[in-house]
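Letter by letter, the chains look like this.
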Amino acid sequence: MLYLRTFGGVTFERDGSALTGAAAQRRLLAVAIMIASAGDRGLSRERVLATLWTDADPERARQALSQTLYHMRRALNAEELFDSGADLRFNPAVVRSDVGDLEAAVERGDLVAVATLHSGPFLDGFHVSGAPEFERWASIQRARLAERCAEALEQLAQDMERGGDYRRAVEWRRQLAAHEPLNGRAAAGFIAALAAAGDRASALQFARVHEALVRDELDTEPDSAVVQLVERLRDDPGWSPATASEPPLESIEPAPASGAAAGSPVASPIPPESIHVRHQAEPRSHWRLIAMVLALVLLVVAAYSGLSRFGEKTAVPIHADLIAVAPFRVTGADPTLGYLREGMVDLLVVKLTEVGAARAAEPALVLGAWRRAREGEGELPLEQSLSIARRLGAGQLLLGNVVGTPVKVVVSATLHSVPDGAVRGQATAEGPPDSLTMLVDRLTGQLLAGQAGERERLASHTTSSLAALRSYLSAQAAYRGGNYHEAVGLFTRAVESDSGFAMAGLGLALAADRVDGSADRARGIELAWRSRTALTDRDRALLDAMAGSQYPDSSSLAEQLAAWEHAAAVAPDRPEVWHELGERLFTDGRAVGVRSSEERAIAAFRRARELDPTFLPPLMYLALLEARAGDRGKMREHVSAYHRTAPVSPVSDFLRWRLAVATGDEGTLARMRERFDSLDISALRWIALASQHDGIAVDDGNRALELLRTRAARLTHRREAVLGLHSLALLRGQPDEALALTGELDDGQPGSRSAERIRVLDALYGSGDSAAARVAIGRLLPGAGGHAPSHDDACVIGQWGAWHEETRTARMGLRVLRDSPESAAGTSLACSALVEAIGAVKRGVPEARRLVERTDSIVAVGPPLGDTRAYASLAIARMYVALGDPERALASVRRRPYLRGWPRYLGSYLREEGRLAAATGDREGAANAYRQYLALRNFAAPPLAEEADSVRAELGALGWRWRGD
């Protein structure tokens, strides 16, 4: 029997096993989902065509559907898959679906089945490229099915409350509150159930979580039902809903949340009318789902880390199966074995996780706690070690020792019971250093009798190469200390020694991501993915987040963010996962329409710091967020905390500079500038990025980039510096300088034609030289220089033709894009949509708005855009202006990434933002955009100097004065 799962994800299963290959093809699944959702009613072919092949020629669309149905039978090995008849209908004897089972459960009134079957949002994370009507249909179904689940949970909870079983009511109410985190009535019901069950502290703590979420998501005060209930609980310690004369919920009639009917799910998915309006404040599109996940994950983390269910500190529960592996003592060992102090922790955690006899506490938490407790290089006494393990919630503590020489190592360990310190097991293993994995295997086997497993299994998780293992363990220590460049080098050594070492590949990807090493990051992901079965579930979730759900194809920013949410749910005790989630929200949140992305990023960064106060990376981003908010006091606190832990580091130097700029500390800035020549390249790059994105200390950014270009050891590093200088020249209003710099882009890469592409884009979006762009287009066209255009070339050719109403050129670019193997994904899809929309707007055709909205949707949540990301939102904003929609134009122009790559067209973005904000009544927003524009255009060349003068006058008309006047 085949089974189609649609809740919480999408997959076909046969006998409980997921089908892959052709059966997982997205458009095939989309057709199957629509047929399954129609149930016994059946579905007309015309409806499928109108939903999934909207823009295709009718005849070609019908052929495509027929081919899809044929391939579905083949992929599922089911010739009798469909019932006979004109409409499409699955044969119930061959295939069933969870959505069909849920509809049947609703019909027969089986509420438990409804609540159980709805295991996650309908089609969670499932998208079909180039099918906006399918997204609209899925959104409507998602909302309808979510409401069915909410009604079932409400009824089940009320049944328990009427019978006085408040503890069971709590469980149903908990599910309902997680299902609808913004629904005041659901929150009030959960609070009342908790209080009735005797858990008043958790009830009040949950109320605080709910109130914060409502203010963050809806910009409104919590529902009066919640407020009244909380006041009653606080004012009358003896009152309980369980003993009250009136029923706990019927006495409270909450007002419906903004835009929702009473009792309806406030947190419903995207309504049909807002599929393409990602920026609207009400409702807040599919990112409400992200809010739900965040809330749920926070609850999981709170429970794990020894907090009460909703954040209040209580006595930490001890988990008998949780082992805290302490750093091993290496005193007396050969100095070359010093890396095993913390390295043994990593090795044993892998083994303990693998054998499944116990859970191992997250190494970062354990090592951080030991570092804070140690004084100097001394070791901790047993009682203090037990106390730390107790605070971590561990029921067992593993202490060990390493002694030996370069040719022989002796490793011993003792397992203690945390409650009483009693010894539960002892073990010793010895052998040559190159047999470390076997030594760890023996050690674990002796400690966990009967759970040793085969030693080859441990080797599959780590490596049999001592050189690789040693490099990996040293890299882990460097990474935890924030020394990312060093970590990249060490992880690289590890994978060069053993290319099948999946954990080292994953580490390389993480460390390279910290220093923007795209090539090293890609290499690490490729190596880890190749051997991903050797990773633990937690590490696989981390790899999936790093690689993207569509790997080896690219994932959209929205999919990437969702993957990090999942990684945080799977490993809620990993500070680096919370940091990565925060960084995605920080850099890309606005770009994909996440409301309150900065506040959510702050929450994730703080969670990472709470888990491990020695973990440094979140401090940098917290400091930058406070700098943007203008809170110099909090920024100083974060910078000081970083300096106390790592006073001499690239990030510390950058933060010192950033704080001095924010506070106007000229003395510190003067001293920093004297040291610029000796700063690490990471510090220089951060200075240059912040200078451009924030419009601050532009001369410092320029100098940092010149130093990067001079010191570049690799061609890619030099190219990166040149791109940064080119971006700065455009931002400063110096198009001639920008044009000259493009001449360096093809150095060492003959035939790449990147210089020509950028010259064209500069003319379109950055006030670049139009004559130079015209020459560049001639070199990019088919036949020029004997080359065929790449899809990158075609993207630029098509836009040039569309904007200049050169129909033949635009069609030429579109033809190459559509014939590209990547035509249905990535930059080709985005570029095709962009070129079509621009052409339609310029020609004034009736379908122009639909094409612009489609392009807006693709840019917001579609596939990765590559370089297209630098200008796509600007192009869309200009099209909305042409269509007479300044509000949507403003939302689009503000949807740009922050501190991710060089913002070469930021000047154009800011100019448009100022105009549009002023036109729509946002005077303060206009003034802020104009001020940043003028901060960057301090040495503009004519005629851009005249544009700067015009902006200065517009700023004055708004009632503000430019500080340079």
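Residues numbered from 1 in each chain as written. Predicted model: local features only at pLDDT ≥ 70, side-chain atom pairs only at ≥ 80, totals over all residues. Heavy atoms only, no water.

So, the overall build of the protein
- Counting secondary structure elements, the protein contains 43 helices and nine strands.
- A total of 965 residues make up the protein; the buried ones form 58% of that total.
- In the protein, of all internal contacts separated by at least 6 residues, the share reaching a separation of at least 24 is 62%.
- Total accessible area on the protein is roughly 38600 Å²; 50% of this is exposed by carbon and sulfur atoms. (Helix = DSSP H or I, 4+ residues; strand = E, 2+ residues; numbered from the N terminus. Buried < 20%, exposed > 50% of the residue type's maximum accessible area, 1.4 Å probe, protein only. Contact = heavy atoms within 4.5 Å. Areas by Shrake-Rupley, 256 points an atom, 1.4 Å probe, with all protein chains shown as cover.)

Here's the deal with the environment of arginine 961
- Along the chain, arginine 961 turns up in the segment after helix H43 (944–957).
- Sequence separation between arginine 961 and arginine 931 is 30 residues; the distance between their C-alpha atoms is 9.0 Å.

A closer look at helix H25 (residues 617–629)
- The terminal C-alpha atoms of H25, which comprises 13 residues, lie 19 Å apart, in line with the 18 Å expected from a rise of 1.5 Å per residue.
- Most of H25 is tucked away: 11 of the 13 residues are buried.
- Of all the positions in H25, only Pro617, Pro618, Leu619, Met620, Tyr621, Leu622, Ala623, Leu624, Leu625, Glu626 and Ala627 are classed as buried.
- Two residues or fewer after H25 comes glycine 630, characterised by a positive phi angle close to 80°. (Expected span 1.5 Å × (residues − 1).)

Structural notes on the state of the cysteines
- One pass over the full model with this rule turns up one disulfide.
- Through a disulfide, cysteine 795 is tied to cysteine 831; the S-S separation comes to 1.8 Å. In this structure the cystine formed by cysteine 795 and cysteine 831 twists about its S-S bond by roughly -65°; its chirality is therefore left-handed. Of the two residues, cysteine 795 is situated in helix H35 (residues 791–803) and cysteine 831 in helix H37 (residues 826–843); the sequence distance between them amounts to 36 residues. For the pair cysteine 795 and cysteine 831, one class covers both residues: buried. (Disulfide = S-S within 2.5 Å.)

A short note on the sheet that holds strand E4 (residues 95–97)
- Ordered in space as E3-E2-E1-E4, the four strands form an open sheet in which the pairing is mixed. Edge positions in the sheet fall to strand E3 (17–18) and E4, since each has one partner strand and no second.
- Of the strand pairs in this sheet, strand E2 (residues 11–14) and E3 are connected by two bridges, and their pairing is antiparallel. Bridging across to E3, arginine 14 finds its partner in serine 17.
- Across the sheet, helix H4 (residues 98–108) is in contact with strand E1 (2–5) and E4; its angle to E4 comes to roughly 65°. (Pairing = 2+ DSSP bridges. Axes fitted to C-alpha atoms, helices over the stretch in contact; angles between N-to-C directions.)

Looking at the nonpolar core
- In terms of nonpolar packing, the biggest core is built from 194 residues, with Val325, Met344, Phe586, Phe654, Trp657, Tyr765 and Met879 touching the most fellow members.
- Per element, the largest residue contribution to this core is nine residues, and it comes from helix H19 (residues 502–514).
- If near-sequence neighbours (up to four positions away) are discounted, valine 325 is found in contact with Val345, Leu348, Val349, Leu352, Val366 and Leu398. (Core = buried A, V, L, I, M, F, W, Y, C linked by side-chain atoms within 4.5 Å.)

Some remarks on the sheet that holds strand E8 (residues 408–417)
- With mixed pairing, the five strands of this open sheet are ordered in space as E6-E5-E7-E8-E9. One side of each edge strand has no neighbouring strand; the edge strands of this open sheet are strand E6 (359–360) and strand E9 (423–431).
- Note: E8 against E9, eight bridges, orientation antiparallel. Looking at the pairing, valine 409 lines up with glycine 431 of E9.

Remarks on the environment of alanine 509
- Position of alanine 509 relative to the elements: it lies in helix H19.
- Expressed as a C-alpha distance, the spacing of alanine 509 and arginine 521, which sit 12 residues apart in the sequence, is 4.0 Å.
- For alanine 509, the residues in contact, after removing those within four places along its chain, are Arg521, Gly524, Ile525 and Met546.

Let's talk about the packing of helix H33 (residues 754–765) against H35
- It is the contact of H33 with H35, at a shortest axis distance of 10 Å, that shows an interaxial angle of 30°. The orientation of H33 relative to H35 falls into the category roughly parallel. Where H33 crosses over H35, the two elements pack in a sense that is left-handed. Taken together, the residues of H35 that come into contact with H33 (itself represented by Arg757, Val760, Leu761, Ala763, Leu764 and Tyr765) are Asp792, Asp793, Val796, Gln799, Trp800 and Trp803.
- Looking at the contact of H33 with H35 residue by residue, the classes come out as eight nonpolar, one polar and three charged. (Parallel < 35°, antiparallel > 145°, perpendicular 65-115°, else oblique. Left-handed = near helix turned anticlockwise from the far one by under 90°. Nonpolar A, V, L, I, M, F, W, Y, C, P; charged D, E, K, R; others polar.)

So, the packing of aromatic side chains
- Evaluated as defined, the whole model comprises 16 aromatic pairs.
- With centroids separated by 5.6 Å and ring planes inclined at 10°, the aromatic side chains of phenylalanine 82 and phenylalanine 90 adopt a geometry described as stacked. For the residue pair phenylalanine 82 and phenylalanine 90, the accessibility class agrees, reading buried in each case.
- Connected via pairs of aromatic rings, a cluster forms that spans Phe586, Phe605, Tyr621, Phe654, Trp657, Trp686 and Tyr898.
- Sitting over the ring of tryptophan 529, arginine 532 keeps its end group 4.3 Å from the ring centre.
- When the ring centre of tyrosine 898 is taken as reference, the NZ or CZ atom of arginine 628 above it lies at 3.8 Å. (Phe/Tyr/Trp six-rings, centres within 6.5 Å; stacked < 30°, edge-to-face > 60°. Lys NZ or Arg CZ within 6 Å of the ring centre and 35° of its normal.)

A short note on unusual backbone geometry
- The omega torsion across proline 942 and proline 943 is 0°, close enough to zero to call that bond cis.
- With respect to the helices and strands, proline 943 occurs in the loop between helix H42 (923–936) and H43.
- Its identity is not glycine, yet alanine 697 carries a phi of approximately 40°, on the positive side.
- The topology assignment puts alanine 697 in the loop between helix H29 (681–694) and helix H30 (698–711).
- Of note, the phi angle at serine 767 is positive, near 60°, even though the residue is not glycine.
- Tracing the backbone shows serine 767 in the loop between H33 and helix H34 (770–780).

Observations concerning the pattern of salt bridges
- According to the stated counting rule, one finds 45 salt bridges in the structure shown.
- Between arginine 584 and glutamate 580 there is a salt bridge, with the nearest N and O atoms lying 2.5 Å from each other. Of this pair, arginine 584 and glutamate 580 both sit in helix H23 (residues 575–588), four residues apart, which is roughly one turn of that helix.
- Note on glutamate 580: relative accessible area 0%, which makes it buried.
- Notably, a salt bridge pairs glutamate 756 with arginine 779, separated by 3.5 Å at the nearest N-O pair. (Salt bridge = Lys/Arg side-chain N within 4 Å of Asp/Glu carboxyl O.)

Description of the confidence of the model for the protein
- Mean pLDDT over the protein works out to 80, with 83% of the residues at or above the 70 mark.
- Scored below 50 in pLDDT, residues 245–315 shows 167 contacts in the model against residues more than four places distant or in partner chains.
- A low-confidence stretch, residues 449–460 stays under pLDDT 50, and its non-local contacts, those more than four residues away or across chains, total 21 contacts. (pLDDT = per-residue confidence, 0-100.)

With respect to the environment of alanine 105
- Inspection of the secondary structure assignment puts alanine 105 in helix H4.
- A relative accessible area of 0% places alanine 105 in the buried class.
- When the C-alpha atoms of alanine 105 and alanine 115 are compared, they prove to be 9.6 Å apart, with 10 residues separating the residues in sequence.
- With residues up to four places along the chain from it excluded, the contact list for alanine 105 reads Asp110, Ala113, Val114 and Leu117.

Regarding H33
- Taking 1.5 Å of rise per residue, 12 residues should cover 16 Å, and H33 covers 16 Å from first to last C-alpha, within 8% of that figure.
- Among the 12 residues of H33, 12 are classified as buried, and the element is accordingly described as predominantly covered.
- Listed in full, the buried residues belonging to H33 are Ser754, Ala755, Glu756, Arg757, Ile758, Arg759, Val760, Leu761, Asp762, Ala763, Leu764 and Tyr765.
- Looking at the residues trailing H33, positive phi occurs at serine 767, about 60°.

Section: the side chain of aspartate 694
- Its place among the elements puts aspartate 694 in helix H29.
- According to the relative accessible area criterion, aspartate 694 is buried, its value standing at 16%.
- A distance of 3.4 Å separates the side chain of aspartate 694 from the side chain of arginine 658, its partner in a polar contact.
- A polar side-chain atom of aspartate 694 sits 2.6 Å from a polar atom in the side chain of tyrosine 898.
- Sequence-distant contacts of aspartate 694, that is, excluding residues within four places in its chain, are made with Arg628, Arg658, Tyr898 and Gln932. (Polar contact = N/O pair within 3.5 Å; in protein donor to acceptor, adjacent residues only side chain to side chain.)

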